[in-house]
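Inside the fold
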Amino acid sequence: MKLKAIAIASALALAGSAWAATVRDEPIEPIQAAKVTNPAMVELGKKLFFDPRLSRSGFISCNSCHNLSMGGSDNLKTSIGDKWQQGPINSPTVLNSSLAVAQFWDGRAADLKEQAGGPIANPGEMAFTHDLAVGTLRSIPGYVAEFKSVFGSAAINIDKVTQAIAAFEETLVTPNSPFDAWLKGDDKALTDRELAGYGLFKESGCVACHNGPAMGGTSFQKMGLFEPYKTNNPAEGRSAVTGNDADRMNFKVPTLRNVELTYPYFHDGEAATLEEAVDVMGRLQLGRKYSEAEIADIVAFLKALTGDQPTFVMPLLPPSSNDTPKPNPWE
Ligand code: HEC
Ligand code: HEC
């Protein structure tokens, strides 16, 4: 028994060092596959992520605006909330969001757990209250049983709800993009054009802000360094959190992972295409006007950042009981 354990440990250590040796020395690291430590909690979180009964209308779930069939976003300029309200800001993807220093464009939530409480009670999103959402879950026998088996007690509260949702979101990472394969040493994983795009991305300075495994999410940066960014969207970014005028128009640098899937771009959703977004980034963030050919190269590279999308069996949600509060979509 003991010998076997040692053999396994040294095999693991060997595999680890062999792997480390092949990863290229680049400013961007490959995305790691998710390590699931509590599959039952992830499963519960998945159900909650897909459950529209956490909204007042009974119609809007997390997946409505972070559609996991569409790169974890809604592909709208700004989201549609309760009673068809026009949302104030573009919905960022939930894919790889566990890798970010903070959540939201302005970073006002420290982590996924804190974030998950926001939309349920946001009058412009799911428009419920935490008490009503928890009350709804308590009225559903299937959930009571599942919370009991996951948490060891049938008591349901918002803390457990957000903990389970966050555990599910932590699994929404997207490893194995062509770029990751290249980072891990596969010379053939990128085309010449994609490699040329990566060269431009590095040399011209995109990587100063879009770095780390998520190629973003590591810092807050001013939108509009060389020229001011013109927008009708009133969002001011980080200054809304810090109260510091110097943070005006500083936004969390968005991840570029799966960016091909998460159009339209920027916090106001005003850039419809990747070509447009790259052109704006070049001019406003780097003071550089790229040629059409350069933009095409960078865009080709950005499309090589699409990794394995999360796939799973659609969660089956436990049915409501006679006591479950009725959905209220119209009043
Ligand atoms: C009505 C649309 C809508 C619904 C429903 C919604 N979200 Fe969001 N979500 C957004 C928008 C818009 C933002 C960006 C808000 C901001 O930054 O001010 C966001 C931000 C986030 C972020 C931060 C991502 C990042 O990169 O900063 C996460 C994580 C997230 N939502 C998860 C959830 C979860 C979990 C639920 C369900 C409990 C949910 N969302 C429900 C629209 C929605
Ligand atoms: C000084 C920091 C900085 C540099 C340099 C920079 N970016 Fe950005 N990038 C940002 C910020 C901040 C945003 C979000 C801006 C907003 O939403 O208003 C962003 C947004 C983007 C987006 C849109 C992503 C989305 O989901 O909305 C793309 C694509 C992008 N950058 C690509 C690039 C490329 C390509 C380069 C190099 C040409 C580059 N960036 C250089 C900070 C930077």
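Residues numbered from 1 in each chain as written. Chains lettered and ligands numbered in written order. Predicted model: local features only at pLDDT ≥ 70, side-chain atom pairs only at ≥ 80, totals over all residues.

For the protein chain, the name recorded in an unreviewed UniProt entry is Cytochrome C biogenesis protein CcsA, with Thauera terpenica 58Eu as its organism. Per UniProt, the protein chain has the following entry under Subcellular location (unreviewed entry): "Periplasm". (UniProt positions renumbered as here; feature names shortened; annotations may be inferred.)

**Observations regarding the overall build of the protein chain**
Check the secondary structure of the protein chain and you find twelve helices and four strands. For the protein chain, whose C-alpha radius of gyration is 22 Å, the value lies close to the compact-globule estimate of 20 Å for 331 residues. With the C-alpha coordinates aligned to their principal axes, the bounding extent of the protein chain is approximately 65 × 65 × 35 Å. A buried classification covers 38% of the 331 residues belonging to the protein chain. Sequence-distant contacts, at least 24 apart, represent 70% of the contacts inside the protein chain between residues at least 6 apart. (Helix = DSSP H or I, 4+ residues; strand = E, 2+ residues; numbered from the N terminus. Rg over C-alpha atoms; globule rule 2.2 N^0.38 Å. Buried ≥ 20, exposed ≤ 12 C-beta atoms within 10 Å, placed from the backbone. Contact = placed C-beta atoms within 7 Å.)

**Some details on the packing of helix H4 (residues 112–121) against helix H7 (residues 158–169)**
Between H4 and H7, the shortest axis-to-axis distance is 8 Å and the interhelical angle comes to 115 degrees. It follows that H4 is roughly perpendicular to H7 by the angle criterion. Crossing of H4 over H7 shows right-handed handedness. For the pair H4 and H7, the contacting residues are Leu-112, Lys-113, Ala-116 and Gly-117 in the first and Ile-158, Thr-162, Gln-163, Ile-165, Ala-166 and Glu-169 in the second. Considering only residue class, the contact of H4 with H7 consists of five nonpolar, three polar and two charged. (Axes fitted to C-alpha atoms, helices over the stretch in contact; angles between N-to-C directions. Parallel < 35°, antiparallel > 145°, perpendicular 65-115°, else oblique. Left-handed = near helix turned anticlockwise from the far one by under 90°. Nonpolar A, V, L, I, M, F, W, Y, C, P; charged D, E, K, R; others polar.)

**Overview of the UniProt feature "binding site: heme c 2" (unreviewed entry) in the protein chain**
UniProt's entry tags Cys-206, Cys-209, His-210 and Met-281 with the feature "binding site: heme c 2" (unreviewed entry), counted in the numbering of this structure. The largest pairwise C-alpha distance within this set of annotated residues, which runs over 76 residues, is 11.3 Å, so the set is compact in three dimensions. With respect to the helices and strands, Cys-206 occurs in the loop between helix H9 (192–203) and strand E3 (220–222). Cys-206 has contacts with Phe-201 and Met-281, leaving out every residue within four places of it along the chain. Structurally, Cys-209 can be placed in the loop between H9 and E3. Each residue touching Cys-209, except ones within four places of it in the same chain, is listed here: Ser-219, Gln-221 and Val-253.

**Considering the packing of helix H11 (residues 274–286) against helix H12 (residues 292–303)**
At a minimum axis separation of 10 Å, H11 and H12 run at an interaxial angle of 115 degrees. Crossing of H11 over H12 shows right-handed handedness. Along its contact with H11, which presents Leu-274, Glu-275, Val-278 and Asp-279, the element H12 presents Ile-295, Ile-298, Val-299 and Leu-302. Taken together, the residues of the contact of H11 with H12 sort by class into six nonpolar, no polar and two charged.

**Section: the site of ligand 1**
As a matter of local geometry, ligand 1 sits amid 26 residues, with Cys-62, Cys-65, Phe-104, Trp-105 and Pro-119 nearest to it. Secondary structure elements with two or more residues in the shell around ligand 1: helix H3 (62–65) and H4. At five residues, H4 tops the list of elements feeding residues into the shell around ligand 1. (Near = placed C-beta within 6 Å.)

**Side note on helix H6 (residues 141–151)**
Buried within H6 we find Tyr-143, Glu-146, Phe-147 and Val-150. The buried residues of H6 all sit within an arc of 100 degrees when viewed along its axis, so they share a single face. Facing away from the buried side of H6, by more than 90 degrees, are the exposed residues Ala-145 and Ser-149. Buried residues in H6 make contact with helix H2 (39–50), helix H5 (130–138) and H7. (Arc of directions from axis to C-beta.)

**Details of the domain arrangement of the protein chain**
Assigned domains within the protein chain: domain 1 (39–169) and domain 2 (178–303). Distance from the C-alpha centre of domain 1 to the C-alpha centre of domain 2: 27 Å. Taken together, the contact pairs 22 residues of domain 1 with 25 residues of domain 2. Split by residue class, the side of domain 1 that touches domain 2 holds eleven nonpolar, eight polar and three charged. (Domains from an automatic or database assignment.)

**Here's the deal with the site of ligand 2**
With respect to spatial proximity, 26 residues lie near ligand 2, and among them Cys-206, Cys-209, Tyr-265, His-267 and Met-281 are the closest. Residue contributions to the shell around ligand 2 peak at six residues, all from H11. Residue classes in the shell around ligand 2 are distributed as 18 nonpolar, eight polar and no charged.

**Observations concerning the UniProt feature "binding site: heme c 1" (unreviewed entry) in the protein chain**
When the UniProt feature table is mapped onto this chain numbering, "binding site: heme c 1" (unreviewed entry) sits at Cys-62, Cys-65 and His-66. By the secondary structure assignment, Cys-65 is in helix H3. On the basis of neighbour count, Cys-65 is assigned to the buried category, with 22 C-beta atoms found within 10 Å. Within the element layout of this structure, His-66 appears in the loop between H3 and strand E1 (80–81). Ignoring anything within four residues of it in the chain, the contact list for His-66 reads Gly-72, Ser-73, Ser-91, Thr-93 and Val-94.

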